[in-house]
Amino acid sequence: MSFSVPQQRHLVTELPGPRSRELLERRRRAVSRGAGTLADIFMDHGSGAILVDVDGNRLIDLGCGIGVTTIGHAHPDVAAAASAQASKLTHTLFTVTPYENYVRVAEKLAEITPGDFEKRSILVNSGAEAVENAVKIARKYTGRRAIASLDHAFHGRTNLTMAMTYRPWPERAGMGPFPGELYSVPSSYPFKDGLSGPDAAARTIDYIVTHIGASELAALFVEPIQGDGGVVIPAEGYFEALAAFCADHGILFVADEIQAGIARTGAWYSIEHFGVVPDLVTTAKGIAGGFPLAAVTGRAEVMDAVQPGGIGGTFGGNPVSTAAALATFEVIERDGLIAEAQRVERAFAARIGDWAARFPVVGEVRGRGAMWGAELVIPGTRTPNPGALKAVIAHAAANGVIVLDAGSWDSVLRFLPSVVISEELVDDAASVIEEELARQSV
Ligand SMILES: *Cc1c(COP(=O)(O)O)cnc(C)c1O
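Cut-offs and rules
- Residues numbered from 1 in each chain as written.
- Predicted model: local features only at pLDDT ≥ 70, side-chain atom pairs only at ≥ 80, totals over all residues.
- Heavy atoms only, no water.
- Pairing = 2+ DSSP bridges.
- Helix = DSSP H or I, 4+ residues; strand = E, 2+ residues; numbered from the N terminus.
- Contact = heavy atoms within 4.5 Å.
- Axes fitted to C-alpha atoms, helices over the stretch in contact; angles between N-to-C directions.
- Near = heavy atom within 4 Å.
- Polar contact = N/O pair within 3.5 Å; in protein donor to acceptor, adjacent residues only side chain to side chain.
- Nonpolar A, V, L, I, M, F, W, Y, C, P; charged D, E, K, R; others polar.
- 1 Å grid on protein atoms, 1.4 Å probe; cavity = no way out; pocket = protein on both sides within 12 Å on 5 of 7 lines; lining within 4 Å.
- Points joined across faces, edges and corners; volume = space filled by probe spheres on them.
- Salt bridge = Lys/Arg side-chain N within 4 Å of Asp/Glu carboxyl O.
- Buried < 20%, exposed > 50% of the residue type's maximum accessible area, 1.4 Å probe, protein only.
- Domains from an automatic or database assignment.
- Buried area = accessible area lost by both parts, 1.4 Å probe.
- Right-handed = clockwise from strand over helix to strand, strands pointing away.

Student: I tried to follow the sheet that holds strand β13 (residues 401-402) on my own but got confused; where do I start?
Tutor: Sheet strands line up and pair through hydrogen bonds in the backbone, either parallel or antiparallel. Across the sheet, 4 strands lie side by side as β1-β2-β3-β13; this open sheet has mixed pairing. The strands lining the two open edges of the sheet, one partner per strand, are β1 (43-47) and β13. Note that strand β3 (residues 58-61) and β13 share 2 bridges and pair parallel. Bridge assignment links Asp-61 to a residue of β13, and that residue is Ile-402.

See the structure below:
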């Protein structure tokens, strides 16, 4: 693999640098503070796992803009495909006059999503829009209204998906009212509840039966590995039991793979790790190398239950975004990036897998592929430690390492690096983070 920017951290100013600080001032006067930022460093370009800011500093990116640039920043093949498409045709609206790219993306999604049954897809603009459409499709197909999502879930920021998202703050506070018939049900969170998969599933099912009614429920939405919820990996057997319950009661099992899908966890889709075949799958973030595109894919009879005109949207499946997605699929297959994600898993396990033993502020480290979380606690307890998380993020950013926050208690340090990140960069970034973990451990 070759990169247009050296894959090394290199700082030439303090962070944020003078040019970033200037832009920050302009930003304050022009942009709503509601669009909060994690690190006030303005970026100029990037390649692979490195971002270069407007002052010329090279930073290690362990965030990928929340898991989007999985194949690396500004991938040359994606750039070439998008730019060729942009000078050919940029818009017709697929539902007015169709074009081949849209069909090709849908064909590819049918091939890579789990399940060897006939499938159909719809393409939209954002993850939240995909989830909303999955809700509409599930209700239409089942004739039922109730929708369940798991505790600690993140499904988006539109009015409907805000209500399916767990945290009141900052995602929801003060912005209701929300639509009805949406239920949050207990999940499996081994670090917190200590339950086995079957026991956690029994608790989820009992809640559904006693609060909603199995025959009333159209669909259960799950993130196979919860992203914003804190890289939560459910106990073994949890999803198998839930999927069996759903199948028995005519409830659609929907995997929201918007964050964990498209090669990130060392499989095309993270639900593959759990031996469950979902009825519907939502895809977005990493699907198009940084271009906006999202999809709902699922069983043909479910997806085709909707009347023509019942789902759609002006920009959905845009020609340029679909060209970028086709190039992204090609790069993943040609360069073996699913195996690269497995390499990143080994690199993280080897480098940070012992953090809980070495740093009392770390309660647990967990991850799959290029998706990792470290649960930060008050040393000697299991109490969430949001203060330590803030300090770690600030220290990392000031030293040229971009990391993410997560968790319902703002206490999970989250890493979503590109799957092309080198062992050297993982080591360098971990060393920077460890300086603050040591300080927070006393
Ligand atoms: C990011 C995310 C969404 C929302 O996607 P947007 O493109 O921001 O609307 C939904 N579900 C999951 C699991 C996500 O990570």
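Student: Quick question: what am I supposed to make of the environment of Val-401 here?
Tutor: Position of Val-401 relative to the elements: it lies in strand β13. On a C-alpha basis, the gap between Val-401 and Ala-429 in space is 6.2 Å, while along the polypeptide they are 28 residues apart. Leave out the neighbours within four places in its chain, and Val-401 touches Arg-9, Ile-60, Leu-62, Ala-396, Ala-429 and Val-432.

Student: Sorry, what's going on with the sheet that holds strand β12 (residues 371-376) here?
Tutor: Pairing is antiparallel across the open sheet formed by 4 strands, whose spatial order is β11-β12-β15-β14. Looking at strand neighbours, the two that pair on one side only are β11 (362-368) and β14 (404-406), the edges of this open sheet. Between one strand and the next, the sheet's axes are offset by a mean angle of 25°, whatever the strand orientation. The pairing of β11 with β12 spans 6 bridges and is antiparallel. What sits directly across from Val-365, in β12, is Ala-374. Its contacts with the sheet place helix α12 (residues 337-352) against β11, β12 and β15 (412-415), and it is angled at close to 25° to β12.

Student: Which parts of the structure should I look at to understand the site of the ligand?
Tutor: Every residue close to the ligand is listed here: Ser-126, Gly-127, Ala-128, Phe-154, His-155, Gly-156, Glu-223, Asp-256, Ile-258, Gln-259 and Lys-285. In the model, an oxygen atom of the ligand is placed 2.7 Å from a nitrogen or oxygen of the Ala-128 main chain. For the ligand, an oxygen atom lies 2.8 Å from a polar atom in the side chain of Gln-259. In terms of residue class, the shell around the ligand is made up of 3 nonpolar, 5 polar and 3 charged.

Student: Could you clarify how one ought to interpret empty space enclosed by the protein in this entry?
Tutor: The full count for this structure, using the stated rule, is 2 cavities of 30 Å³ or more. Of the voids in this model, the largest cavity is the one considered here, and its volume is about 40 Å³. Around the largest cavity, the lining residues are Leu-150, Ser-187, Ser-188, Glu-223, Pro-224, Gln-226, Val-232, Pro-234, Tyr-238 and Phe-239. In this structure, the second largest cavity encloses a volume near 30 Å³. Elements supplying a minimum of two residues to the lining of the second largest cavity: α12 and α15 (423-440).

Student: For this particular structure, what's the right way to read the pattern of salt bridges?
Tutor: Side-chain pairs of opposite charge can arise where the charged atoms are in close proximity. This model, assessed by the stated rule, comprises 27 salt bridges. When the shortest N-O distance is used, the salt bridge between Glu-171 and Arg-167 registers 3.2 Å. Taking the relative accessible area as the measure of exposure, Glu-171 reaches 6% and is therefore buried. On the basis of relative accessibility, which here comes to 14%, the residue Arg-167 falls in the buried class. The partner of Glu-375 in a salt bridge is Arg-366, with the nearest N and O atoms 2.7 Å apart. Arg-366 sits in the buried class, given a relative accessible area of 9%. When salt bridges that share partners are traced, they join Arg-351, Asp-354, Arg-358, Asp-427 and Glu-434 into one network.

Student: I would appreciate a short explanation of the domain arrangement of the chain in the present structure.
Tutor: One frequent convention defines the size of an interface as the accessible area lost when the parts assemble. Looking at the chain, the domain boundaries give domain 1 (18-61 + 337-440) and domain 2 (79-334). The C-alpha centroid of domain 2 is placed 26 Å from the C-alpha centroid of domain 1. Across the interface of domain 1 and domain 2, roughly 2,300 Å² is buried in total on both sides, 59% from carbon and sulfur atoms. When the area that domain 1 buries against domain 2 is broken down by residue, the three leading residues are Ile-338, Arg-368 and Met-371, summing to 28%. In this assembly, domain 1 and domain 2 are joined by 3 salt bridges. For the salt bridge of Arg-414 with Asp-228, the shortest nitrogen-to-oxygen distance reads 3.1 Å. Where domain 1 packs against domain 2, one counts 15 residue pairs in polar contact (both at pLDDT 80 or more). Going through the elements one at a time, α12, β11, β12 and β15 are the ones with two or more residues in the side of domain 1 that touches domain 2.

Student: Whenever I open this one, the layout of surface pockets confuses me. Can you help?
Tutor: In this approach the atoms are scanned with a rolling probe the size of a water molecule, which exposes any empty space left behind. Volume-wise, the second largest pocket comes out at about 420 Å³. Taken together, 21 residues form the lining of the second largest pocket, with Phe-94, Tyr-102, Ser-121, Ile-122 and Ile-311 sitting closest to its centre. For the lining of the second largest pocket, the element with the highest residue contribution is strand β4 (residues 119-124), accounting for 4 residues. The residue inventory of the lining of the second largest pocket, partitioned by class, reads 11 nonpolar, 8 polar and 2 charged.

Student: Where do I start with the pairing of strand β5 (residues 146-150) in this structure?
Tutor: On a regular strand, one side chain projects to one face of the sheet and the next to the other, so that they alternate. By the criterion of burial, β5 is predominantly enclosed, with 5 of the 5 residues buried. Side chains of β5 alternate between two faces, with Ala-146, Ala-148 and Leu-150 and Ile-147 and Ser-149 buried alike. Strand direction decides the pairing type here: β5 and strand β7 (residues 217-222), joined by 4 bridges, are parallel. Bridge pairing in β7 places Ala-148 opposite Leu-220. Bridging between β5 and strand β6 (residues 182-185) involves 4 bridges; their strand directions are parallel. Looking at the pairing, Ala-148 lines up with Tyr-183 of β6. The handedness of the β5 to β6 crossover, carried by helix α6 (residues 159-164), is right-handed.

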